[in-house]
Every structure is written in structure tokens, then in C-alpha cells.
Amino acid sequence: MNRATRRQLAGAATLGTVAVVAALVVSPTRLAREVAALADRPALFAALLVVAYGGRFLVAWPISALSIVVGVALGARGVPVALAGAVFTCCPPYLLARRVESGVGPLGTLAVHGERYFGATGHTRGVVAARLAPLPADSISYTAGLSDVPVGAYLVGTLLGELPWVTAAVLVGASAETLTTEGVASPALLVGAGGLAVLLLAGPVYQLARERGLLPEFTG
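Residues numbered from 1 in each chain as written. Predicted model: local features only at pLDDT ≥ 70, side-chain atom pairs only at ≥ 80, totals over all residues. Heavy atoms only, no water.

### Here's the deal with the overall build of the protein chain
Scanning the protein chain from N- to C-terminus turns up 11 helices and zero strands. Listing each helix as α and each strand as β along the protein chain from the N terminus yields α-α-α-α-α-α-α-α-α-α-α. For the protein chain, the proportion of its 220 residues judged to be buried stands at 39%. Partitioning the contacts of the protein chain with sequence separation of at least 6, the portion at a separation of at least 24 is 79%. Within the structure as shown, the protein chain displays about 11800 Å² of accessible surface, and the carbon and sulfur contribution to it stands at 67%. (Helix = DSSP H or I, 4+ residues; strand = E, 2+ residues; numbered from the N terminus. Buried < 20%, exposed > 50% of the residue type's maximum accessible area, 1.4 Å probe, protein only. Contact = heavy atoms within 4.5 Å. Areas by Shrake-Rupley, 256 points an atom, 1.4 Å probe, with all protein chains shown as cover.)

Pasting the structure below:
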């Protein structure tokens with residue numbers, strides 16, 4: 001086992017340990033209630049929200065938990081705030097992955113598959129489709145970073161892809177009588193967002209299939 005592989009495994013083990021410990025110590029719902037209770041103190045609420053969004057990836061909590069908090073505190077007008085937070089919270093894992101030596105070790109395979117995916121879909125389209133699909137947010141961030149997706153494409157793709165999920169979570173928070181961080185992904189939202197992801201990927205998948213001879217050539 002070479003040095004790069006050992007470093008990658010050690011880093012993954014560290015992140016996993018932090019996430020497990022955090023899950024045992026405090027739940028997203030408990031933290032959400034404590035942060036939302038500070039809504040009448042705007043400066044403190046904003047500061048804690050920035051800290052929560054910035055460190056969320058370390059504990060692997062869903063972005064929707066914080067979006068709901070924003071909805072409880074600010075109502076439907078909190079959508080832009082929660083959307084900005086969603087983009088911000090996806091940056092640390094992306095930037096961390098960009099610093100990893102991804103050409104070797106177990107992350108090398110993930111980088112290769114990611115590069116193939118984004119090479120077929122395009123950077124922005126690929127990020128949007130991945131965000132719309134019901135996939136873990138941080139896995140997308142790490143893959144994009146390992147695949148050297150440009151910063152601009154990553155930010156725009158994340159903004160567009162997270163929009164429906166964030167909007168739904170904020171509206172749930174705005175209308176909730178009792179704060180909870182569960183139940184955001186309704187069947188209708190899952191089907192709708194998943195359908196958009198499929199539509200975005202239909203063209204690249206069709207083109208790739210033709211290039212590999214899996215589909216016949218049609219001439220008019």
C-alpha cells in the first residue's frame with residue numbers, strides 16, 4: 001500500500017469517525033430547534049447558520065435539515081437564504097477533493113468514473129442532473145472535486161440542482177407547527193426531480209450509446 005492510498009484511507013476513516021460521533025452526540029432535529037430558537041436575534045442566528053452550513057459536511061447531515069430551519073425562522077422568504085446556504089455547504093467537500101491526489105489509490109477509480117460522467121454530460125449539466133437525483137449531496141461534491149469540474153460550472157450546477165429540494169424544505173419549515181427535519185422528500189418531489197435528471201441526461205446517454213455502436217444510425 002503506497003503513501004497516497006494510506007493518506008486517502010486515513011482521511012476517509014477520520015471523516016467517518018467524526019460523522020458517527022456527531023450522530024451519537026446530537027441529532028439534526030435537536031440542533032435545528034436550538035438554532036431556530038434564535039430567530040429573534042438576527043446577528044447570532046446568522047452567525048450560527050453560517051457555522052452550521054460550513055461544518056455540515058463533517059457530520060454528513062442532509063442539507064434539508066438546515067433548509068427547514070431557515071423556513072421556520074424566515075418563512076417562505078427564506079428560500080434565497082437557504083439556497084445560498086446549500087451552495088455554500090457544498091463547497092468545502094468539493095474544495096477538499098480538489099486537493100487530493102486522485103490519480104492513485106481508491107479515489108483514483110472514483111475520479112476516473114467521474115471524469116467519464118462529466119465528459120459525457122458536460123460539467124454544468126452533469127452537476128445539475130446529479131443534484132436533482134436523490135443522491136447524497138456530499139458524494140456529488142467529492143466526485144465533482146476529484147473530477148476537476150470547474151468552480152463556475154460546479155456552483156451554477158449546484159444552485160440549479162438544489163433549487164427544488166431547498167424550496168420544498170423551506171416551505172415545509174414555514175408551514176410546520178412542530179419542527180422536524182424529516183419527511184421533505186415527498187413521492188411527487190422525488191418523481192419530479194428524478195424526471196428532470198433523466199431528461200437532462202437523455203441526450204448525452206443517447207449520444208454515448210451511438211458512439212459505442214449500441215444504437216443504429218438513422219439517416220433521413
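### Examining unusual backbone geometry
The residue D148 is not glycine, and still its phi comes out positive at about 60 degrees. Structurally, D148 is set in the loop between α9 (137-146) and α10 (151-175).

### Re the environment of E115
Position of E115 relative to the elements: it lies in helix α7 (residues 106-121). Spatially, the C-alpha atom of E115 lies 5.0 Å from that of S147, the residues being 32 residues apart in sequence. With sequence-adjacent residues up to four places away left out, E115 is seen in contact with L146 and S147.

### Section: helix α3 (residues 42-59)
For α3, spanning 18 residues, the distance from its first C-alpha to its last is 25 Å, which sits close to the expected 26 Å at 1.5 Å a residue. The sharpest bend along α3 measures roughly 35 degrees and falls at Y53. Taken together, the buried positions of α3 are occupied by F45, L49, A52, Y53, R56, F57 and V59. At the C-terminal side of α3, A60 shows a positive phi close to 55 degrees. (Expected span 1.5 Å × (residues − 1). Bend = angle between axes of the 7 residues up to and from the residue.)

### Concerning the packing of aromatic side chains
According to the stated counting rule, one finds two aromatic pairs in the structure shown. Judged by centre distance (3.9 Å) and plane angle (5 degrees), the ring pair of Y94 and Y154 falls under stacked. Of this pair, Y94 sits in helix α6 (residues 91-98) while Y154 is found in helix α10, placing the two residues 60 residues apart along the sequence. Y94 sits in the buried class, given a relative accessible area of 1%. Exposure remark for Y154: the relative accessible area of 1% places this residue in the buried category. Ring geometry for Y117 versus F118: centroids 4.9 Å apart, planes at 70 degrees, classification edge-to-face. (Phe/Tyr/Trp six-rings, centres within 6.5 Å; stacked < 30°, edge-to-face > 60°.)

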